[in-house]
Structure formats: structure tokens, C-alpha cells
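Results of the structural survey
Listed below are the residues making up each chain.
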Amino acid sequence: MGTSYDQNTWRYHFKKHRSLYLMLIPGVVLLFIFNYLPMFGTVIAFQDFNIFQGVLKSEFVGLDNFRRLFTSPDFMLVFKNTVIISFLKLVFIFPLPIMIAILLNEIRLQKFKKTVQTIIYLPHFISWVIVAGLFINLLSVNGGIINNILQTLGHEPIPFFLSKPHFRSLLVFTEGWKTVGWGTIVYLAAIVSIDQEQYEGARIDGANKLQEIIYITIPNIAPTIILMFILRLGTLLEAGTEQILVMYNPLVYEVSDVIGTYVYRIGLGASDYSFSTAVGLFNSVVSFSLVLFTNWLSKRLFDSSIW
Amino acid sequence: MNKKIWVALLVMLLMITGCGQKTTDKGEKGEKPVLRQLGFPRNFDPNGDPVAKVIEDATGYKVEYEILPMENATDKLNLMMANKEKIDIIKVRPEQYHKLASEGALEPLDDLLKEYGKTLLEVNTDEAWKAAKIDGVTYGIPEQASRPFVSSAIAVRTGLLEEMGIDSMPETLEEFYALLVRIKKETDMIPLTGATAIVDEISGAFGVNSEWTIEDGKVKHIVEREGLQEYIEFMQKLSEEGLLDPEWPINDVPKIQEKFTSGKAAFMANYNWGFAGAMTEALQSNFPNEEIEMVMGLKGPKGLQGAFLQSTGVNFYIAIPKASDHKEEAMKFMDAKVQPELFKNLSIGEKGVHWEEKDGKMQPILPAFTDERNNADWFNTSTDYNAYREYWLLRTRKEHILGETFDKMQVQVDYAEENPLAMAPPLEVPSKYAQKLKTMMDDYIINAIFDKGSAPSYEEFLKRFMAEGGQESIDAYNEWYQEYLKQD
């Protein structure tokens, strides 16, 4: 091989890392087949899709499905609920795992720390149906522990699951109960990777525990927090369909019906693929824009972003 | 070394591509092909079931059975049909039948029936065959519901009746109401628990049970009838006076059973004869020697009384997909299965082995009957309608208490209301909206009963109901009904 390549051309790089590129192929092919090809399926959002005619022969209806979504009488209510519930969850639940991770990190007794970790991870593995069942029993008006306590304190029993003013708080609380413990994993990992010398240095300079947390731990895990926040915003329109579906009932639809549950109820048994796809596409567009926006914002404000 | 790998790869490749071309059993002339039958969701293994064996031995056809999944059954069915899977026989719900037929996925059966399905034509009623026709063409064999029956009542335990000194069950709405008030006053039990929007024993007192009725030659939906509003108002009164379980909207069947059998609730609506065995057992573990008594359809202020008569009309259609390679054989096979002797054997088994005659009634012999015929109905590809009315009763007698409860509930048959549209073909428009409208109505009723303050007015609800497919459905049924009247 007498020819020499300019070291900056892609051919040079390709040749140099030939085996690496070769190994990349299966991954790229899989990604293409399973993640990009199916995207063409979104055309059915613009069709009156009929499974017997297939994607190619189904009739195109333009934006009809979107019109149906936006003009349906419940859409504003459902959209409002989605944003409110999601926002409440974001505000109340997002900071919790960070705080708990920091607190856990400060525990000296390893045995105690491990036990606490195991216990708070547990709820993550319980499915929503079970969680709903648990809370329905705990909060029952006839014989539920919480209402028994309320009654002995002289308070009227509260039908949490049936009461409009309480239901959203209930959603936030149960979501928190189930997800907060698991959410600490990422932050704990981030804290562990902080260089211990920083702490030593701080201690020599006379910093106390609180100062260590504020000036070392938090700044060090800030990129992780921002990353998690951006990812979390991407699912803003997913206010917890699975959770709400097993917990709500006609009395609280007004405050808890979100896009996911609405589509489920309306499309129920109708096999309305086009409509569901249209809703899915709408969700994706909003979520993607949110991610782009927060990413841009965090780049400007904190000089930290995911790309 | 390298060679070996290549050979191994080649073999694997062959195996993968080989899977694509499934060898279809054409069979030589005279030899019976292997048939594929697809049935509705149920959790059991049809290919290992004793009934499958009996069918194969008696008809000489080897059949591979497949079951639709519990979840998204219709999606799976549509997908299979759209992909032209080589299924020879499908047993599906009326709305699925209609959809598949109108998409052109099913084979017209009229000629095949004339040629190979003479018995099938005889054992099903003309009424049912009429229901099976879509634009004058038959695409499926109708399987009529076995026998109309009432399956609900309000349960109460005998011990409570004794404690309260009640020796006869309440028969009018007034008596029942007075009893609920007494329970509220004298005990700390929930007077009445339940899980559904409509309690048939109470709504019957206002003359409404069936979702659809025909009044003065017109098809009407239950929301158009005055009785429903009166029912809602009555239930609102009960709810306001604290006579209903406040957790009704989040109750489900296991929940109300638990409340009832543990003695937390005095009366339980939605009691079904199918619950009798397990619930009596659970009750007796808390209240030894007590039984479950029942409040039947109550008489209302205007003397009306009602219950819902279910299991009328056509439950299933059995069809042959266009993609099938063995259409004639499939028809021959189904015809063979309804020959009287074989049909009897398939449904209830052999005398002396699976059933016996006792007190003039056919009684199942246990456990042989449940072991070997429990899922017999899943395999049916048509019943012998008249014979099956009797055979089916054996299924209610599998447990003594079950049969007894079933028999008792049937006093309501005389005044029960049935759905006159059960025999109507599944029309496209109503099928599309049915589920949604039902949910909408139930949700509204529950909301109105338990949170009167926040629920919209009945007029508002009605307006929305009509706008979101209600009116369209009613019109579609009326159009069909006028056509139907002309036919006779």
C-alpha cells in the first residue's frame, strides 16, 4: 500500500478504525429497523386507517384526526388536567430523590444506610394496580387506618378517592411513594463519583457538613440534576396514565382525566388506530419541543446541556 | 474449522427461512386435512382438552386450536385476518363478525351450507339465520344463547334477617327502603353496597332494565325513557340519606363480596348466581350456618317490577375466512359435530359417566363432568338449539348451591325485560359507539347519584349523549327496524 491518505479525510479514519466501524453496523441496523423505520407508520395519523387495506391503500384524510382531537369538547379540560398534574408531580417529586440521596450519603452507619435504601427501593417493584389497591384500603372510609385516625382526632372521614379537592394530591403522593426511592439511585451514583479529595480539602479549610453539601456535593451533581430534569420534561404530557387509570372513577374525572386516560376511554374497543396515532404524534411533538427548549435554556443559563 | 462454522450458519439460515414457508397440509385425495380453528379468549389449553380428543376420534379431523388473547382480542383477530392467515374456522362475537364480513374477509356460506351443512341449517332457528345475514348473504353460522335467564339479585344474609326480626323478604321498593333506613339506624353497617351504575332490582321498579327497547314501534335507548331519571332520583335520595356505600364508585366485585361476607355491608347489589358457591363459603367462615337470601325485582310506586333477561339473541358467529384452503372440509366437519348423538356427547358427555338422571332432571356427575366437559362450549361451532337448552342447564348444576341459586333467581323471568335488539344484526354505527356510550352513561349515573352537586343536569347529559353518537345509533337501529318490519 504505497498511497498515503490525508489524515483528516473520512477514508483515513475509516481505514484506521475499520474493525470498530464494522462492529458498529449491527447496532446501527437494529436502530434503523426498530426505531426509524416504524416512524413511517406515523402517516396513519393522517389517514382513515383500515387494517384490511393497509398503510398504502388507506384513505388520506389530512388533519381530520387532529381536528377531532382539538375540537372534542373535553380536550381543553383533559389538556389542562394533564399539565396541572404533571406540573404538580414535577414540583413536589422531582427534588425529593436529590434530597434523599444527599441525606443517605451522609449516613455513617453503613448497615442502616443499606437497609433504608432497600426499603425505599421496594415500592418501585409494585405495580400500580397493587399500589391502588393498597391505598384504597388504607384510605377507605369504612375501616381504613387513615380515616380511623382522623375520626379519633375528631375529624370527619375524608373519602380521598372520591373527593375532587383531594384526588390530585393523592395522585402526587402515591407517585412519590412509588418512585422517589428508586429515583435516588442515579444521584447516589453521581455523589459516589465525586472526588473525595475535595471534601478533605474543605474539611482542612474548616468547612462544616452543611457547607460541604452546599459547596461540593450539589455543584458536583448539578449536571446530573439538569440532565434528569431535561429528560423529565420530555415526559411532561405523560402525567401517569397507568396510575390514573387504576385509581380514578367517574366522580373525579373532572380533575384527573388526562390525555392518556381520555384516549383510552374514547378509543376503547373501537380499534381507532389513526386517532391514537394522531394523539401520540401530538404528544411527541410537544415533548420534543420541550426537551429542545430546556436544553437550550440550560445551555444558556448553566452552560450544561445534553447535546 | 472455518468450514464447520459456515455449515452451521447455512443450516441456521435454512431453518429461519424454512419457518416462513409453513407446509400446508393439502392432504391426498380422500385423506382429511388438518384444520385450524380460532376461538374467543379463555384461559385454558384447547389442544390438550378431552373434548378435542373426542372430536378428533368421532369426526376423523385433526384440528389445531388457537385462542385469541384476553387483551386486545379484536386487534389480534383483525391482524390475523388482514394477514390472510390460513385459519379454517373462526368463532367470534357478533360485532367482530360484522366487521370482518363487511371487510370481505369471510367466505359467503350459502352454497356451502346447502351442499354440506344440511344439519346445521336444521338445528338453528330461522330467526337466528335471519340475524346472520348481511345484505342477504350468510357469512357465519349463528350460535344462539343457550337459554334466557336472569342472573342478578340483591343478597342479604339470613342471620341479619333474624336479628332484625324480618320473616319475609321485601317485595316493594317502599319496604326495601324502610329496611335500609332501619339498618342505618340500628346498626353501624353499610345498608347497601354495590358496584354498577344500574341496580336492576331497583331500576325495574321504574320500568327500565334493558339498554334498548321497542316502544310504539320505535327503538328507544334507556336514556330516553323517563324511568331512568326516576331511578337516578331515587338512588340520589338513598345516597343523600347515607343508605348507600359511599365507596360505590370505586367498588369492584371482589370488594363488595368482601364487604358483604365480612358483615360490613347488610345488602349487596349485583349478586350473581355464579358467586353463590364461593360467597356462601366465605360468609360461613365469618357467620357459621348462615345462608344467602335474595331480594328479587322490587315493585315500584306505579306497580312496575323488573329484572334483566339476559342470554337472548346470538352470542357468537362461526365463520370460514376467505383465506382458508379447506372451506368444504371445514363445513363438513362442522356439520358432523351437530349430529344429535355426537353433539350430546360433546356437550354433556356419556350417561353414567358424566351425567345421570335424578328426580327427573339430568345431573352432572362430578368430578368427571367438570374434568372432561368444562370447556365444551368453547369448541361448539354451532349448537343444536333445542337440545342445548336442556344440556346447558347441567352447567348451572355443577355445584348444588349454584344450581339452587340459579333456579331461585328465575322467578324473575316472568317480569324480566329483554333486549329486543339481541337478534338484530350488529350494525356498523351502533357497534362503533356502543362501548363509549355505555361508559358515558354509567359514568354519568354514578356521578349523579354520588355527587349530585357537581354532576351536570340530566338534560345536559342527554344532549351530550345524543351528540356523541347516541342519536346516530338510535337512528341506525330505527332504520333497521323499519326494514325488518317490512320483511315479515
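Anything mentioned here points back to the structure above.
Summarised in this report is the structure supplied together with it.

Reading the values: rules and limits
Residues numbered from 1 in each chain as written. Chains lettered and ligands numbered in written order. Predicted model: local features only at pLDDT ≥ 70, side-chain atom pairs only at ≥ 80, totals over all residues. Heavy atoms only, no water. Helix = DSSP H or I, 4+ residues; strand = E, 2+ residues; numbered from the N terminus. Rg over C-alpha atoms; globule rule 2.2 N^0.38 Å. Buried < 20%, exposed > 50% of the residue type's maximum accessible area, 1.4 Å probe, protein only. Contact = heavy atoms within 4.5 Å. Areas by Shrake-Rupley, 256 points an atom, 1.4 Å probe, with all protein chains shown as cover. Lys, Arg positive; Asp, Glu negative; His and termini not counted. Charge placed at Lys NZ, Arg CZ, Asp CG, Glu CD. Phe/Tyr/Trp six-rings, centres within 6.5 Å; stacked < 30°, edge-to-face > 60°. Lys NZ or Arg CZ within 6 Å of the ring centre and 35° of its normal. Core = buried A, V, L, I, M, F, W, Y, C linked by side-chain atoms within 4.5 Å. Patch = residues over 30% accessible without salt bridge, like charges linked within 9 Å, V, L, I, M, F, W, Y side chains within 5 Å. Salt bridge = Lys/Arg side-chain N within 4 Å of Asp/Glu carboxyl O. Pairing = 2+ DSSP bridges. Axes fitted to C-alpha atoms, helices over the stretch in contact; angles between N-to-C directions. Buried area = accessible area lost by both parts, 1.4 Å probe. Arc of directions from axis to C-beta. Parallel < 35°, antiparallel > 145°, perpendicular 65-115°, else oblique. Nonpolar A, V, L, I, M, F, W, Y, C, P; charged D, E, K, R; others polar. Polar contact = N/O pair within 3.5 Å; in protein donor to acceptor, adjacent residues only side chain to side chain.

Our focus in this paragraph is the overall build of chain A. The helix and strand inventory of chain A stands at 16 helices and 2 strands. Whereas a compact globule of 307 residues would reach a radius of gyration of roughly 19 Å, chain A reaches 25 Å, over 25% beyond that. Looking at chain A as a whole, 37% of its 307 residues qualify as buried. Within chain A, contacts between residues at least 6 apart in sequence are counted, and of these 65% link residues at least 24 apart. As presented, chain A carries roughly 18400 Å² of accessible surface, and 68% of it is formed by carbon and sulfur atoms.

Let us look at the overall build of chain B. Looking only at helices and strands, one finds 21 helices and 18 strands in chain B. If one aligns the C-alpha atoms of chain B with their principal axes, the spans along those axes are about 85 × 60 × 50 Å. In chain B, which comprises 488 residues, the proportion classed as buried is 53%. Look at the contacts in chain B between residues 6 or more apart in sequence, and 78% of them connect residues 24 or more apart. With an accessible surface of roughly 23100 Å², chain B has 50% of that area assigned to carbon and sulfur atoms. A distance of 5 Å separates the average location of the 55 positive side-chain charges in chain B from that of its 83 negative side-chain charges.

Glancing now at the packing of aromatic side chains. Under the counting rule described, the total for this entry stands at 43 aromatic pairs over all chains. Aromatic side chains Tyr121 of chain A and Trp182 of chain A sit 5.9 Å apart centroid to centroid with 80 degrees between the ring planes, which places their arrangement in the edge-to-face category. Here Tyr121 of chain A is found in helix H7 (residues 110-121), whereas its partner Trp182 of chain A is found in helix H10 (residues 164-192), with 61 residues between them in sequence. Taking relative accessible area as the criterion, Tyr121 of chain A reaches 17% and is therefore assigned buried. Grouping aromatic residues by their ring pairs yields a cluster made of Phe40, Phe44, Tyr65, Phe316, Trp378 and Phe379 of chain B. A cation sits over an aromatic face here: Lys91 of chain B above Phe316 of chain B, 5.0 Å from the ring centre. Directly above the ring of Tyr177 of chain B sits Lys237 of chain B, whose terminal nitrogen or CZ lies 4.3 Å from the centroid.

Take unusual backbone geometry next. The amide bond that connects Leu366 of chain B to the next residue, Pro367 of chain B, takes the cis arrangement and shows omega of 5 degrees. Inspection of the secondary structure puts Pro367 of chain B in the loop between strand E17 (361-364) and helix H16 (368-373).

Further remarks concern the nonpolar core. Residues and elements named next belong to chain B. One finds Leu192, Ile202, Tyr231 and Phe267 to be the most contacted residues of the largest nonpolar core, which totals 87 residues. Top contributing element to this core by residue count: helix H20 (residues 428-450), with 10 residues. Counting residues in each nonpolar core, the second largest holds 60 residues, with Val51, Met334, Met362 and Leu394 among its members.

Taken together, the side chains of Leu22, Ile25, Val29, Leu30, Leu31, Phe32, Ile33, Phe34, Tyr36, Leu37, Met39 and Phe40 of chain A make up a nonpolar region of the molecular surface, amounting to roughly 1200 Å² of accessible area. Within the secondary structure layout, Leu30 of chain A lies in helix H2 (residues 18-36).

Right, let's talk about the sheet that holds strand E15 (residues 314-319) of chain B for a bit. All names here are of chain B. If you walk across this open sheet you meet the 5 strands as E2-E1-E3-E15-E6, and the pairing is mixed. Strands at the two margins of the open sheet, each flanked by one partner only, are strand E2 (63-67) and strand E6 (140-144). Across the sheet, the mean angle separating the axes of adjacent strands is 20 degrees when strand polarity is ignored. Inspection of the sheet shows E6 paired to E15 by 5 bridges, in the antiparallel sense. Looking at the pairing, Gln144 lines up with Val314 of E15. Contacts from helix H14 (residues 327-337) reach strand E1 (35-39), E2, strand E3 (89-92), E6 and E15, with the element oriented near 65 degrees to E1.

Below, the discussion takes up the pairing of strand E11 (residues 218-221) of chain B. Residues and elements named next belong to chain B. Residues Val219 and His221 line the buried face of E11, whereas the alternating positions Lys218 and Lys220 sit on a face that is not buried. Alignment of strand E10 (residues 212-215) against E11, held across 4 bridges, turns out to be antiparallel. The residue of E11 that forms the bridge with Glu215 is Lys218. Connecting the antiparallel pair E10 and E11 is a turn made up of 2 residues, with Asp216 showing a positive phi of about 50 degrees.

This part covers the pattern of salt bridges. Evaluated as defined, the whole model comprises 35 salt bridges over all chains. Glu212 of chain A serves as the salt-bridge partner of Arg203 of chain A, at 3.2 Å between the closest nitrogen and oxygen. In this structure Arg203 of chain A comes out as partly exposed when scored by relative accessible area, which is 46%. Here Glu107 of chain B and Lys327 of chain B are joined by a salt bridge, their closest N and O atoms 3.7 Å apart.

Residue and element names in this part refer to chain B. Strand order in this open sheet of 3 strands is E7-E14-E18, and the pairing throughout is mixed. Each edge of the open sheet carries a strand with a single partner, namely strand E7 (149-150) and strand E18 (417-418). The sheet contact formed by E7 and strand E14 (residues 308-310) spans 2 bridges and is antiparallel. The partner of Phe149 across the bridge, within E14, is Gln310.

For the rest of this paragraph, the subject is the interface of chain B and chain A. Contacts between the two partners involve 30 residues from chain B, matched on the other side by 23 residues from chain A. The contact between chain B and chain A buries some 2200 Å² in all, and 60% of this surface belongs to carbon and sulfur atoms. Here chain B and chain A share 2 salt bridges between them. Arg464 of chain B is the partner of Asp74 of chain A in a salt bridge, and the nearest nitrogen-oxygen pair spans 2.9 Å.

All names here are of chain A. Along helix H4 (residues 64-71), the residues classified as buried are Asn65, Phe66 and Leu69. Buried positions in H4, seen along its axis, are confined to an arc of 95 degrees and lie on one side of it. Packing partners of the buried residues in H4 comprise strand E1 (47-48), helix H5 (75-93) and helix H16 (273-302).

Next up on the list: the side chain of Gln96 of chain B. Here Gln96 of chain B lies in helix H4 (residues 94-102). Beyond its immediate stretch of four places on either side in the chain, Gln96 of chain B contacts Thr74 and Leu77 of chain B.

Below, the discussion takes up the packing of H7 of chain A against H10 of chain A. All names here are of chain A. Contact geometry for H7 and H10: axes closest at 7 Å, N-to-C directions at 130 degrees. By the angle between their directions, the pair H7 and H10 is classed as oblique. Contacts between H7 and H10 involve Gln117, Ile120 and Tyr121 from the former and Gly181, Trp182, Thr184, Ile185 and Leu188 from the latter. For the contact of H7 with H10, the residue count by class is 5 nonpolar, 3 polar and no charged.

Before going further, it helps to examine the environment of Leu139 of chain A. Residues and elements named next belong to chain A. The residue Leu139 is located in the loop between helix H8 (128-138) and helix H9 (145-152) in this model. In this structure Leu139 comes out as buried when scored by relative accessible area, which is 11%. On a C-alpha basis, the gap between Leu139 and Leu31 in space is 46 Å, while along the polypeptide they are 108 residues apart. Residues in contact with Leu139, not counting those within four places in the same chain, are Ile146, Asn147, Ile158, Phe160, Phe161 and Leu170.

All names here are of chain B. Extensive coverage of strand E12 (residues 265-272) is indicated by the burial of 7 of its 8 residues. Here strand E8 (residues 152-157) runs beside E12; their pairing, made up of 4 bridges, is antiparallel. Each residue of the ladder has a partner; that of Val156, found in E12, is Phe267.

Along the chain, Asp245 of chain B turns up in the loop between helix H11 (226-240) and helix H12 (253-261). Asp245 of chain B gets classed as buried once you look at its relative accessible area, which sits at 0%. In sequence terms Asp245 of chain B and Ile256 of chain B are 11 residues apart; their C-alpha atoms lie 9.5 Å from each other. Setting aside residues no more than four positions away along its own chain, Asp245 of chain B makes contact with Asn142 of chain A together with Ile190, Leu192, Thr193, Asn251, Lys259 and Phe450 of chain B. Within the local environment of Asp245 of chain B, its side chain forms a polar contact with the side chain of Thr193 of chain B, the two groups lying 2.8 Å apart. In terms of polar contacts, Asp245 of chain B uses its side chain to reach the side chain of Asn251 of chain B, at 3.0 Å.

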